[in-house]
Amino acid sequence: MSKMLTIAGKELKTYFVSPMAYVVSTVYLLIGGFFFYTMLSYFSRLSLQFMQYGYQEDQLDINEMVVRPLYLNLSLVMLMVIPMITMRLLAEERRSGTAELLFTSPVRPWHVVGGKFLGAAGLIGLLTALTCIYPLVLALVGEIDPGPTAAAAVGLFLTGAGFVAWGVLASAASENQIVAAVTSFGFLLLLWVISWAAAITDGALASVLDYLSVMSHYEELAKGVVDTSHLVFFASLVFVPLFLAAHLLAARHGR
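The numbering scheme is per chain: residues are counted from 1 as the chain's sequence reads. Predicted model: local features are reported for residues with pLDDT of at least 70 only, side-chain atom pairs are reported and counted for 80 or more only, and whole-chain, interface and lining totals are derived from all residues. Excluded from the side-chain calculations are hydrogens and water; all other atoms, namely the structure's heavy atoms, are used.

The secondary structure listing takes helices from DSSP runs of H or I that are at least 4 residues long and strands from runs of E that are at least 2 residues long, numbered from the N terminus. For the chain, the helix and strand inventory stands at 12 helices and zero strands. Listed by position from the N terminus, the elements making up the chain come as α-α-α-α-α-α-α-α-α-α-α-α. Residue burial in the chain is summarised as follows: out of 255 residues, 47% are buried. The contact criterion used is simple: two residues touch if any of their non-hydrogen atoms lie within 4.5 Å. Considering only contacts in the chain between residues 6 or more positions apart, those separated by 24 or more positions represent 76%. On the chain, roughly 12600 Å² of surface is accessible, and the fraction owed to carbon and sulfur atoms is 70%. Relative accessibility thresholds used throughout: buried, under 20% of the residue-type maximum; exposed, over 50%; partly exposed, between the two (1.4 Å probe, protein chains only). Here the open area of atoms and residues is found with the Shrake-Rupley method and a 1.4 Å probe, where only the protein chains shown may cover a residue.

Take a look at the structure:
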């Protein structure tokens with residue numbers, strides 16, 4: 001475990017000694033701020049209209065109109081950002097020739113894969129923590145439901161962690177960073193929209209496609225519905241690609 005944490009610490013430090021972490025964080029928060037501003041402005045305008053026409057303002061749910069759609073949009077932005085974060089994790093090691101040096105040291109493929117994953121997931125955790133500023137601002141000007149809000153934030157991190165795991169697998173399978181990024185983005189997008197196919201099918205196939213959709217599970221978490229099936233799905237979303245990446249590296253390097 002200590003070897004894995006050492007690799008994770010090295011990866012996380014690498015993000016912050018380069019412009020990567022700062023650029024990604026800035027862009028992510030600017031886009032999130034734009035979403036937050038537009039959604040809050042719409043909610044405020046609608047609230048004023050309700051007051052003018054004699055409706056009760058409390059008929060509007062700020063969680064449903066601002067918090068939940070905000071986090072759903074942030075998860076979509078994360079889908080586009082994470083392949084850029086993960087593309088270099090293992091592909092760069094092989095391109096630069098440091099992979100052989102890494103695997104001749106006393107570490108196992110699982111240590112490498114797990115450490116790389118934890119380093120990138122640490123950056124995603126930081127991004128998720130920074131997005132909590134939006135509901136905190138809402139709490140200053142109105143009442144929000146802390147349960148669904150916390151579930152949405154946790155769901156955002158779990159979604160990001162799953163995306164990172166698939167990005168690690170794509171990086172392990174390719175020596176080219178661009179190929180790794182495109183492959184990762186394509187597969188993650190498929191996992192996001194696969195529920196669309198469920199809408200035009202029926203029976204067991206529709207249920208399977210809907211279960212495989214990241215969007216279906218995250219939408220439920222964003223509503224505050226914390227169910228075991230959702231947690232199992234996100235655990236599988238992380239474990240399966242990391243397992244495959246570790247075995248791929250073990251086969252490639254004879255470990």
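Nonpolar side chains (Val, Leu, Ile, Met, Phe, Trp, Tyr) within 5 Å and like charges within 9 Å form the patches, drawn only from residues with over 30% relative accessible area and no salt bridge. We define a salt bridge as a contact between a side-chain nitrogen of Lys or Arg and a carboxyl oxygen of Asp or Glu at a distance within 4 Å. Taken together, the side chains of W110, F239, V240, F243 and L244 define a hydrophobic patch exposed on the protein surface, amounting to about 450 Å² of accessible area. When residues of the nonpolar patch are assigned to their parent elements, the largest contribution, four residues, is made by helix α12 (residues 228-253). Mapping L244 onto the fold places it in helix α12. Taking the relative accessible area as the measure of exposure, L244 reaches 40% and is therefore partly exposed.

Tracing the backbone through its elements, the reader meets S174 in the loop between α8 (146-173) and α9 (177-198). Under the rule applied, a polar contact is a pair of N or O atoms within 3.5 Å (in protein, one hydrogen donor and one hydrogen acceptor; residues adjacent in sequence only if both atoms are side-chain atoms). Polar contacts involving the side chain of S174 include one to the main-chain amide nitrogen of N176, which spans 3.0 Å.

Pairing of aromatic rings covers Phe, Tyr and Trp, the last through its six-membered ring, and needs centres within 6.5 Å; plane angles under 30 degrees mean stacked, over 60 mean edge-to-face, and all others mean tilted. Applying the stated criterion across every chain, the model contains seven aromatic pairs. Aromatic side chains F233 and F234 sit 5.4 Å apart centroid to centroid with 75° between the ring planes, which places their arrangement in the edge-to-face category. Residue F234 is classed as buried on the basis of its relative accessible area, which comes to 2%. Three or more aromatic residues joined by ring pairs form one cluster here, namely Y211, F233 and F234.

We now examine the pattern of salt bridges. Under the defined criterion, the tally for this structure stands at three salt bridges. Of the charged contacts, one joins E11 and K116 as a salt bridge, the two residues approaching to 2.6 Å between their closest N and O atoms. With E11 in helix α1 (residues 2-17) and K116 in helix α6 (residues 109-131), the pair connects residues that are 105 residues apart, well separated along the chain. Summarising the burial analysis for this pair, E11 and K116 share the class buried.

The next thing to look at is α1. How far a helix is expected to stretch is found by multiplying one less than its residue total by 1.5 Å. Over its 16 residues, α1 runs 22 Å from end to end, which matches the ideal 22 Å to within 8%, given 1.5 Å per residue. The set of residues buried in α1 consists of M4, I7, A8, E11 and Y15. Buried residues of α1 fall within an arc of 100° about the axis and therefore sit on the same side. Exposed positions of α1 whose direction lies more than 90 degrees from the buried face are S2, T6, K13 and V17. Taking the helix axis as origin, the arc is that swept by the directions to the C-beta atoms.

Relative orientation and spacing of two packed helices are given, respectively, by the angle between their axes and the distance between those axes. Angular values range over 0 to 180 degrees, each being the angle between N-to-C directions of two axes fitted as lines to C-alpha atoms, with helices fitted over their stretch in contact. Where helix α3 (residues 62-86) meets α8, the closest approach of the two axes is 9 Å, and the angle between their N-to-C directions is 15°. Overall, the two elements α3 and α8 adopt an arrangement that is roughly parallel. As α3 packs across α8, the resulting crossing turns out to be right-handed. Across from N63, V67, Y71, L74, S75, M78, L79, I82 and T86 in α3, the residues of α8 making contact are P148, T149, A152, A153, L156, G160, F163, V164, G167, V168 and S171. A class-by-class count of the residues in the contact of α3 with α8 yields 13 nonpolar, seven polar and no charged. Orientation labels follow simple angle bins: below 35 degrees gives roughly parallel, above 145 gives roughly antiparallel, 65 to 115 gives roughly perpendicular, and whatever is left gives oblique. Crossings are classed by handedness, with left-handed meaning an anticlockwise turn of the near helix from the far one by less than a right angle and right-handed meaning a clockwise turn. Gly is placed with the polar residues, together with every amino acid not listed as nonpolar (Ala, Val, Leu, Ile, Met, Phe, Trp, Tyr, Cys and Pro) or charged (Asp, Glu, Lys and Arg).

So, on to the nonpolar core. Membership of the largest hydrophobic core comes to 63 residues, with the highest contact counts inside it found for Y71, I85, F117, V168, W192, V214 and Y218. Sorting elements by how many residues they give to this core places α3 first, with 13 residues. What Y218 contacts, discounting residues up to four positions off in sequence, is Y71, L72, S75, A152, G155, L156, T159, W192 and F234. What makes a nonpolar core is a set of buried Ala, Val, Leu, Ile, Met, Phe, Trp, Tyr and Cys residues whose side-chain atoms join them at distances within 4.5 Å.

This brings us to the environment of I178. Summarising the element assignment, I178 is placed in helix α9. In this structure I178 comes out as exposed when scored by relative accessible area, which is 55%. Placed 91 residues apart in sequence, I178 and M87 show a C-alpha to C-alpha distance of 7.0 Å.

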